[in-house]
Amino acid sequence: MSKTILKDDEVLKKLQSGVNKLNDAVKNSLGPSGLNIILDKDFFPQITSDGVTAVKEVFLKDRVENMGANIVKEASIKTSLEAGDGTTSSVVLANAFINNAIRYILSGANPLLIKKGIKQAEDEVVEKLKKLSKPVKTLEDIFNVAKISCRDEELADKLSKIVHEAGKDVAVAIEDSQVVGISSDVVNGFEIERGFYSPFMATNINRMEAELRDPAIIIFNKRITRFQEIAPSLDLCLKNNIKDILVIANDFDQEVIGNCVVNKSKGIGNFVCIKAPMFYNYTREALEDIALFTGAKVIEQGFGLEKEPVFENFGRAGKIIISKDRTTILPQTEDVTTQSERQMAINERVQVINEQIEKAKEAISKEQLKKRITKLLAKAVTIKVGCFSDYEQQELKDRIDDAIRAMKSAMEEGMIIGGGVSFINIIDEIKPDKNQDIN
């Protein structure tokens, strides 16, 4: 296949054109008074005010222009995952950076020095913005963040009360409901900062998530190098009429991931693989925490349990939602006795970890141990959304998802004045560099 080779000014202008087209497509949705965007889907159109939802639908015919758009698209998607809000702002700011940078490069400036200048300014700006940030702790503060994000005071009031009650570490699952309105259910939940290995494992392409219902959970404290190492366990689950399966291990080779994807495509089962969470020197302990929450047993290397699996060693959950970088485990509806026993076991584990914190000498060890406690005691919220039409329902779910992420981020790092005002307030404090290209 022939390749097109572009150089210098030609490629810069093409990339710039792609970035500009992406910016033009979403910039009108910027801010709390931004306009809606209508997306032409295969069967039904989608209406949204969420920048990142629109960004994901932009694919340009020219491949070089599309490369430029994809660079900025990635920034918007990352902003959505980390902060929940500000996805359109990311596109608009990146567009301004790129247009100005290309203008300077075409006039003879050194690209490497421009990059150095941007990084230098970024460090200064972040440091000054942190000093300006106001802690978000009260219900009123959380409500204000939600109101800006979801553009609806009544909805913001409901969501802010849910998050304020459950805390910033709450895991959230948003579901469709046949009843018009919004309802929520708060239970114990477990969130892992790991996502699926392959996007082909996703069951919901629009949200790019894998949703497993009543799944089995298989936990290995080892690297899985061959599919045959997990095949007996998967077969045992299938024999017990369980097609949704989450496999957690220290790592997976590509051959294993490829086989799981092929099995999914054939309709054999939804096999999703995620890497074990890394907690300093506490990876095995983290696996034990997941096992405790799900009722599983960690399968160790060398005991032969992967070759002759026992169904009782597999954990269970009511629902698991896996995205690109996060896994949320919601528990099964259990009888009161089982639920009480599991909670007692969790409380005992927390007590042991607290004793370890008192004995730990390194600050990082104490931090990771506290993180384990937070995970074990975290809450999970299932928010059910029902509307009169599918369009309205999807748009409302997008706004709720954005608002939840924005509130959690604000509780984590605080909030500042938006609309670019904070940047204006600190611009005079940024020290200029002697080198003109850096400046």
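Undergrad: What should I look at first to understand the overall build of the protein chain in this one?
TA: Across its full length, the protein chain carries 14 helices and 16 strands. Computed over C-alpha atoms, the radius of gyration of the protein chain comes to 24 Å, within 12% of the 22 Å expected from 2.2 N^0.38 for 439 residues, which places it in the range of a compact globule. Across the 439 residues of the protein chain, 45% fall into the buried class. Partitioning the contacts of the protein chain with sequence separation of at least 6, the portion at a separation of at least 24 is 75%. Surface accessibility of the protein chain: about 24,100 Å² in total, with carbon and sulfur atoms responsible for 52%. Between the averaged position of the 61 positive side-chain charges in the protein chain and that of its 67 negative side-chain charges there is a distance of 4 Å.

Undergrad: What's the story with the packing of aromatic side chains in this structure? I'm lost.
TA: Two measures describe an aromatic ring pair: the distance that separates the ring centres and the angle between the ring planes. In this structure the tally under the stated criterion is three aromatic pairs. Ring geometry for Tyr197 against Phe252: centres 5.3 Å apart, planes inclined by 75 degrees, an arrangement best described as edge-to-face. Here Tyr197 is found in the loop between β5 (190-192) and β6 (210-213), whereas its partner Phe252 is found in strand β10 (residues 251-252), with 55 residues between them in sequence. On the basis of relative accessible area, Tyr197 is assigned to the partly exposed category, the value being 27%. Overall, the relative accessible area of 4% leaves Phe252 in the buried class. Residues Phe311 and Phe314 carry aromatic rings whose centres are separated by 5.8 Å and whose planes lie at 75 degrees to one another, so their mutual orientation is edge-to-face. Since its relative accessible area comes to 24%, Phe311 is described here as partly exposed. According to the relative accessible area criterion, Phe314 is buried, its value standing at 4%. It is Lys73 that lies over the ring of Phe59; its NZ or CZ is 4.2 Å from the centre. Between Arg103 and the ring centre of Tyr104, over which it is positioned, the NZ or CZ distance is 5.0 Å.

Undergrad: Before we go on, may I ask you to explain the pattern of salt bridges in this structure?
TA: Two side chains carrying opposite charge are able to pair once their charged atoms lie near each other. Tallying each qualifying case throughout the model produces 24 salt bridges. Here Arg326 and Glu191 are joined by a salt bridge, their closest N and O atoms 3.5 Å apart. Separated by 135 residues along the polypeptide, Arg326 in the loop between β14 (319-322) and β15 (327-330) and Glu191 in strand β5 bring together distant segments of the chain. For Arg326, a relative accessible area of 22% gives the class partly exposed. Each of the salt bridges in this network shares a partner with another, and the network as a whole consists of Glu191, Glu193, Arg326, Lys375 and Lys408.

Undergrad: It is not clear to me how helix α4 (residues 87-106) should be interpreted in this structure. Could you clarify?
TA: Side chains that are three or four residues apart share a direction in an α-helix, a result of its 3.6 residues per turn. With 20 residues, α4 extends 29 Å between its outermost C-alpha atoms, agreeing within 8% with the 28 Å of an ideal straight helix rising 1.5 Å per residue. Three or more residues of α4 are buried, namely Thr87, Thr88, Ser90, Val91, Ala94, Asn95, Asn99, Ala101 and Ile102. A positive phi of about 110 degrees marks Gly108, the residue just after α4.

Undergrad: Quick question: what am I supposed to make of the sheet that holds strand β3 (residues 171-176) here?
TA: Whether parallel or antiparallel, the strands of a sheet pair through hydrogen bonds between backbone atoms. Within the open sheet, the three strands sit side by side as β3-β16-β4. Their pairing is mixed. Strands at the two margins of the open sheet, each flanked by one partner only, are β3 and β4 (181-188). Sheet twist, expressed as the average angle between the axes of neighbouring strands with direction ignored, equals 20 degrees. Judged from the six bridges that link them, β3 and strand β16 (residues 379-386) form a sheet pairing that is parallel. For Asp176, the partnering residue across the bridge sits in β16 and is Val385. Sheet strands in contact with helix α7 (residues 153-166) are β4 and β16, and its direction is about 160 degrees off that of β16.

Undergrad: In this structure, what is going on with the sheet that holds β14? I would like to understand it.
TA: The strand order β5-β15-β14-β6 describes an open sheet built from four strands, whose pairing is antiparallel. Edge positions in the open sheet fall to β5 and β6, since each of these has one partner strand only. Ignoring strand direction, the axes of neighbouring strands in this sheet form an average angle of 10 degrees. Across four bridges, the pairing between β6 and β14 is antiparallel. Paired with Leu212 across the two strands is Ile320, which belongs to β14.

Cut-off values and rules
- Residues numbered from 1 in each chain as written.
- Predicted model: local features only at pLDDT ≥ 70, side-chain atom pairs only at ≥ 80, totals over all residues.
- Heavy atoms only, no water.
- Helix = DSSP H or I, 4+ residues; strand = E, 2+ residues; numbered from the N terminus.
- Rg over C-alpha atoms; globule rule 2.2 N^0.38 Å.
- Buried < 20%, exposed > 50% of the residue type's maximum accessible area, 1.4 Å probe, protein only.
- Contact = heavy atoms within 4.5 Å.
- Areas by Shrake-Rupley, 256 points an atom, 1.4 Å probe, with all protein chains shown as cover.
- Lys, Arg positive; Asp, Glu negative; His and termini not counted.
- Charge placed at Lys NZ, Arg CZ, Asp CG, Glu CD.
- Phe/Tyr/Trp six-rings, centres within 6.5 Å; stacked < 30°, edge-to-face > 60°.
- Lys NZ or Arg CZ within 6 Å of the ring centre and 35° of its normal.
- Salt bridge = Lys/Arg side-chain N within 4 Å of Asp/Glu carboxyl O.
- Expected span 1.5 Å × (residues − 1).
- Pairing = 2+ DSSP bridges.
- Axes fitted to C-alpha atoms, helices over the stretch in contact; angles between N-to-C directions.

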